[in-house]
Amino acid sequence: MNERKLTEEEIDQLFAICENHEVKYFDVQIELVDHIACIIEAKWSIEPQLSFDEALFIVLKQFGVDPLFHASYGSLLTSPFPKLILNKPSVFEEIKKSKEKELIQKYARIQRKYIAEFFKLPKIILTISIVFILFLVYKIAEDNQVVTLVLQGSFLVVSVAFSWLIFPKFFKIELSTSHKFLLIEYFKSTRYSILSIAVFSSNLIYLVGRLRSLAGLSLIGLELLLAILATFLGIVVYVIGVYTPKRIKEDFENKFPQFCIH
Amino acid sequence: MYKGSLATIILKLLEEKGRMYGYQITQEVKAISAGEFVITEGALYPMLHKLEADGMLTVETEMIGNRMRKYYSITHDGKKEVVDRMAELEAFIRHMQTLLNPNIELA
């Protein structure tokens, strides 16, 4: 006897349930839908007489959604209401939260690892060279305030140009589906985070530049400190603005090649 | 369950079995432990996501019949982590054994 499998309509119904329980992104829904479908099919192998709704009723209870609050399955399947009644979060909420947390942690780890590479061979040669060049610029310049303002301006101009001109043109993922992906939303957010980081960086450079008059730091110490700070912040801006979206794009293409237009 | 043992169970299982999907992991654990250990979805997926974020697991998706399925595999870092975690777990069991039944010797 053939084992009973879920039909496409039933699978669609499972996606609708996820959607109605605040799990809006397809990359998070896939796992939940497959898991629920596996449980239902396992139930059918023992109790083949169960209808889809009956099997789903049992699974949703297991997932922390209490179907008894609803008079009919119809309202249960489409309403997010049960999760408001139950005190503890449903499995839907737990999985959604953990997935969001995972993305932030994953890319923060990748970013830290890549930033660290700039302080190891061979990239450290580039880092030291930039620090040295900036240090020389500060030394040669008669007025450090001018160099600081130029650096501050460069950070802002480059980041604005990057966010509005370069990013939309070179860092885009074209999809062949209308599904929403959490990974894509995270990818898009890097475009805006680069702006806030650049504003923060330029202000920090300006503040440290003002230290000479405020704290009376020695000239050589200040020049070196500014050169190191500007280099480090430049590396951070590059890693978040260029390296991270590239990595996210690669990860997305590896995970979901069927949804990418090449 | 001993704190941290779920991650160890998942990593060890993936090291032995190769790639697996979420439901398969729950069923495998249930079968191996003869129903003694039941991993709930609310515990399994957050742990899988955490291990993925930590670089211990990688994920690939595949079309199975009419639905997509996510498969988890252990990474090189994950394999190294299994060795450390297993040693930690064995030491914990040994210490518990010594504490609770000092007269029984473990092999």
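From a predicted model like this one, the values you see are computed outputs, not experimental measurements. (Residues numbered from 1 in each chain as written. Chains lettered and ligands numbered in written order. Predicted model: local features only at pLDDT ≥ 70, side-chain atom pairs only at ≥ 80, totals over all residues. Heavy atoms only, no water.)

## A short note on the environment of Phe200 of chain A
Residue and element names in this part refer to chain A.
- Summarising the element assignment, Phe200 is placed in helix α9 (residues 182-209).
- Look at Phe200 and you get exposed, because its relative accessible area is 51%.
- As for Phe200 and Leu156, which are separated by 44 residues in sequence, their C-alpha atoms are 9.7 Å apart. (Helix = DSSP H or I, 4+ residues; strand = E, 2+ residues; numbered from the N terminus. Buried < 20%, exposed > 50% of the residue type's maximum accessible area, 1.4 Å probe, protein only.)

## Observations regarding the pairing of strand β2 (residues 67-74) of chain B
All names here are of chain B.
- Counting buried positions along β2 gives eight out of eight residues, so the element sits mostly inside the fold.
- What you see with β2 is no split at all: Arg67, Arg69, Tyr71 and Ser73 on one side and Met68, Lys70, Tyr72 and Ile74 on the other are buried throughout.
- When strand β1 (residues 57-64) meets β2, the two strands line up antiparallel, connected through eight bridges. Paired with Glu62 across the bridge in β2 is Arg69. (Pairing = 2+ DSSP bridges.)

## Details of the confidence of the model for chain B
- Of all residues in chain B, 92% have pLDDT values of 70 or greater, and the mean over the chain is 89.
- Overall fold confidence for the complex sits at a pTM of 0.79, while the interface term, ipTM, reaches 0.86. (pLDDT = per-residue confidence, 0-100.)

## As for the side chain of Thr61 of chain B
- Take Thr61 of chain B: it is sitting in strand β1.
- Within the local environment of Thr61 of chain B, its side chain forms a polar contact with the backbone oxygen of Lys255 of chain A, the two atoms lying 2.3 Å apart.
- Beyond its immediate chain neighbours, meaning those up to four positions away, Thr61 of chain B contacts Lys255, Phe256 and Gln258 of chain A together with Met68, Arg69 and Lys70 of chain B. (Polar contact = N/O pair within 3.5 Å; in protein donor to acceptor, adjacent residues only side chain to side chain. Contact = heavy atoms within 4.5 Å.)

## Quick notes on the pattern of salt bridges
- Enumeration over the complete set of coordinates arrives at 19 salt bridges over all chains.
- The shortest N-O distance in the salt bridge between Lys99 of chain A and Glu102 of chain A comes to 2.7 Å. Within this pair, Lys99 of chain A and its partner Glu102 of chain A are both found in helix α6 (residues 91-117), separated by three residues, close to a single helical turn. Take Lys99 of chain A and Glu102 of chain A: they sit in the same class, and that class is buried.
- The salt bridge partner of Glu52 of chain B is Lys255 of chain A, with a shortest N-O separation of 2.9 Å. Pair noted here: Glu52 of chain B is in helix α3 (residues 41-53) and Lys255 of chain A is in helix α11 (residues 219-255), and the two residues belong to different chains.
- Classification of Lys255 of chain A as buried rests on a relative accessible area of 10%.
- Connected through salt bridges with shared partners, the residues Lys99, Glu102, Lys106, Asp251 and Lys255 of chain A together with Glu52 of chain B form a single ionic network. (Salt bridge = Lys/Arg side-chain N within 4 Å of Asp/Glu carboxyl O.)

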